[in-house]
Amino acid sequence: MTARIRLLLSMLAALLLAMAVPSFADANASVAATTFAHPMFVPGHAAPGLHPDLVPSGYGPSDLQSAYKLPSGTNGAGRTVAIVDANNDPTAEADLGVYRAQYGLPACTTANGCFKKVNQTGGTSYPPTDPGWATEISLDLDMVSAVCPKCHILLVEATSASYANLGAAVNEAAALHASTISNSYGGGDLADTSAPYYNHPGIMITASSGDGGYGVEFPASSRYVTAVGGTTLTRASNSRGWTESAWSGAGSGCSAYNPALSGQAGFNTGCARRAVADVSAVADPNTGVAVYDSTPYNGSSGWQVYGGTSVASPVIASVYALAGNAASINNNYPYTHDSASTFFDVTTGSNGSCSPTQLCHARTGWDGPTGLGTPNGVGGF
């Protein structure tokens, strides 16, 4: 057999093998394209004592800024918080304007350069409207406004809720130079290699831990994001003026696939791999936040009250923007700056039954539902 024939046979064999066995990249693409996420908002009502007869009810910007001791009036200028969601909210900018005007926040519009809305490729041909995702979008935009009113806001709408499309939207947000990116959606635990969209050094990325109680969801289980759990937030007569417990719906647990964060070593998470959550913020729909959305969802529109870790993720993304360190840190940073002066430790409440118990029961120090706790200023970010 001549060398030329051997070469041709070798090339033919390689071609047949490639056709018969999909590449690793093709397999990953298939998982991402056929696996879908869901938004993380939960309809709710105002906390007791918040005058539910008034509109809007639910916590507003001054409440969140007070509860978490945030420098919202001075910090955040020049930074961009990106919101990634699926489908289109056709009234996103107009609804954002109503929310900000209600609370005396400066206008954030396309015209003044504060607000930008694009599809997952950076264009302005938007995907179909979906009322549920439109609600999610309005919630996310309002939370950025509440916590970082001086920030610019970038909304990137994915073509669908597949991880391939949501991931393309995350990549687009990074390409458009977002400082932080919030992801208020999730699905079953996945390996980072199956949806490799969340590794963007120099950009802090947050993800909701889930609204179904104990159990892990992706992308919160990614090693590249800050997984954000949830709390019940109520006014109190203590020195802080507020108290928190773990919200029963917050997601938590151990990823079956992704490596532990190096910063989690020494915190006794009970996980051999990545533990969820890292930090937390208000999420209980019974102590919900005010949201304005004019796209009807289940018969409701206008001023509404929502909870879920959909609230917590954009809150924490905005806290990172207030801190202004995103370009030089990674998601281990909160663990290396954990103290009573940087986090309010949440030590009561649970989100289910588990073993070891710290994965679903709040305790002193790190726990699954609330992570290190909630922001006490921006020192942990």
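Residues numbered from 1 in each chain as written. Predicted model: local features only at pLDDT ≥ 70, side-chain atom pairs only at ≥ 80, totals over all residues. Heavy atoms only, no water.

**Quick word on the sheet that holds strand 7 (residues 185-188)**
Spelled out, the test is: At least two bridges found by DSSP between two strands are what make those strands a pair. Segments assigned H or I by DSSP are reported as helices when at least four residues long, segments assigned E as strands when at least two residues long, and all are numbered from the N terminus. A contact between two residues is defined here by any heavy atoms of the two lying within 4.5 Å. Fitted lines through C-alpha atoms give the axes, limited to the stretch in contact for helices. The angle between two N-to-C directions lies from 0 to 180 degrees.
Within the open sheet, the 3 strands sit side by side as 1-7-9. Their pairing is antiparallel. Both outer strands of the open sheet, strand 1 (38-39) and strand 9 (217-218), are each paired with one neighbouring strand and no more. Bridging between strand 1 and strand 7 involves 2 bridges; their strand directions are antiparallel. Pairing of proline 39 across the sheet is with tyrosine 185, part of strand 7. Against the sheet, helix 6 (residues 163-175) engages strand 7 and strand 9, with an angle of about 140 degrees to strand 7.

**Looking at the state of the cysteines**
Applicable threshold: Disulfides are defined as pairs of cysteine sulfur atoms found within 2.5 Å of each other. Exposure is judged per residue with a 1.4 Å probe applied to protein chains only, and the accessible area is read against the type maximum: over 50% gives exposed, under 20% gives buried, and values in between give partly exposed.
A complete count under the given rule lists 4 disulfides for this structure. Two residues, cysteine 108 and cysteine 114, share a disulfide whose sulfurs are 2.0 Å apart. Every disulfide takes its handedness from the sign of the S-S torsion; for cysteine 108 and cysteine 114 that torsion is -85 degrees, giving left-handed. Cysteine 114 carries the same exposure label as cysteine 108, and that label is buried. Each bonded cysteine in the protein chain gets a number by its place in the sequence, and the pairs come out as 1-2, 3-4, 5-6, 7-8.

**Focus on the pairing of strand 3 (residues 80-86)**
Counting buried residues along strand 3, 7 of its 7 residues qualify, which places the element largely inside the surrounding structure. Bridge count for strand 3 against strand 5 (residues 152-158) is 7 bridges, and the pairing is parallel. When the sheet's bridge partners are listed, alanine 86 is paired in strand 5 with alanine 158. Taken together, the 4 bridges between strand 3 and strand 6 (residues 180-183) define a ladder with parallel strand orientation. Bridged to isoleucine 83 within strand 6 is serine 182.

**Notes on the side chain of serine 160**
Selection rule: Polar contact is the term for a pair of N or O atoms within 3.5 Å; when the atoms are in protein, one must be able to donate a hydrogen and the other to accept it, and sequence-neighboring residues count only if both atoms are side-chain atoms.
Take serine 160: it is sitting in the loop between strand 5 and helix 6. For serine 160, the side chain forms a polar contact with the main-chain nitrogen of serine 162, separated by 3.2 Å. Not counting the four nearest positions on each side in its chain, serine 160 is found in contact with Phe36, Ala86, Asn165 and Leu166.

**Focus: the sheet that holds strand 2 (residues 42-43)**
The antiparallel open sheet is built from 3 strands, whose spatial order is 2-16-15. Across the chains shown, the open sheet's two edge strands, defined by having one partner strand only, are strand 2 and strand 15 (289-297). Across 6 bridges, strand 15 lies against strand 16 (residues 300-307) in antiparallel orientation. Along strand 16, the bridge assignment pairs valine 289 with tyrosine 306. Sheet contacts for helix 5 (residues 131-147): strand 15 and strand 16; angle to strand 15, the most-contacted strand, approximately 150 degrees.

**Regarding the environment of serine 318**
Checked against the element boundaries, serine 318 lands in helix 7 (residues 309-323). Considering only alpha carbons, one finds serine 318 and aspartate 140, 178 residues apart in sequence, at a separation of 10 Å. The contacts of serine 318, once residues within four sequence positions are left out, are Val81, Met143, Val144, Val147 and Cys148.

**What to know about helix 4 (residues 92-102)**
To keep things clear, this is the line we draw: What the arc describes is the spread of directions from the helix axis to the C-beta atoms.
The set of residues buried in helix 4 consists of Ala92, Asp95, Leu96, Tyr99 and Arg100. For helix 4, the angular spread of buried residues about the axis comes to 135 degrees, placing them on one side. Turned more than 90 degrees off the buried face of helix 4, the exposed positions are Ala94 and Ala101. The inward-facing, buried residues of helix 4 contact helix 3 (61-67), strand 4 (115-119), helix 5, strand 5, strand 15 and strand 16. Directly beyond the C-terminal end of helix 4, a positive phi value near 70 degrees is found at glycine 104.

On their own, these measurements won't tell you what the molecule is for.
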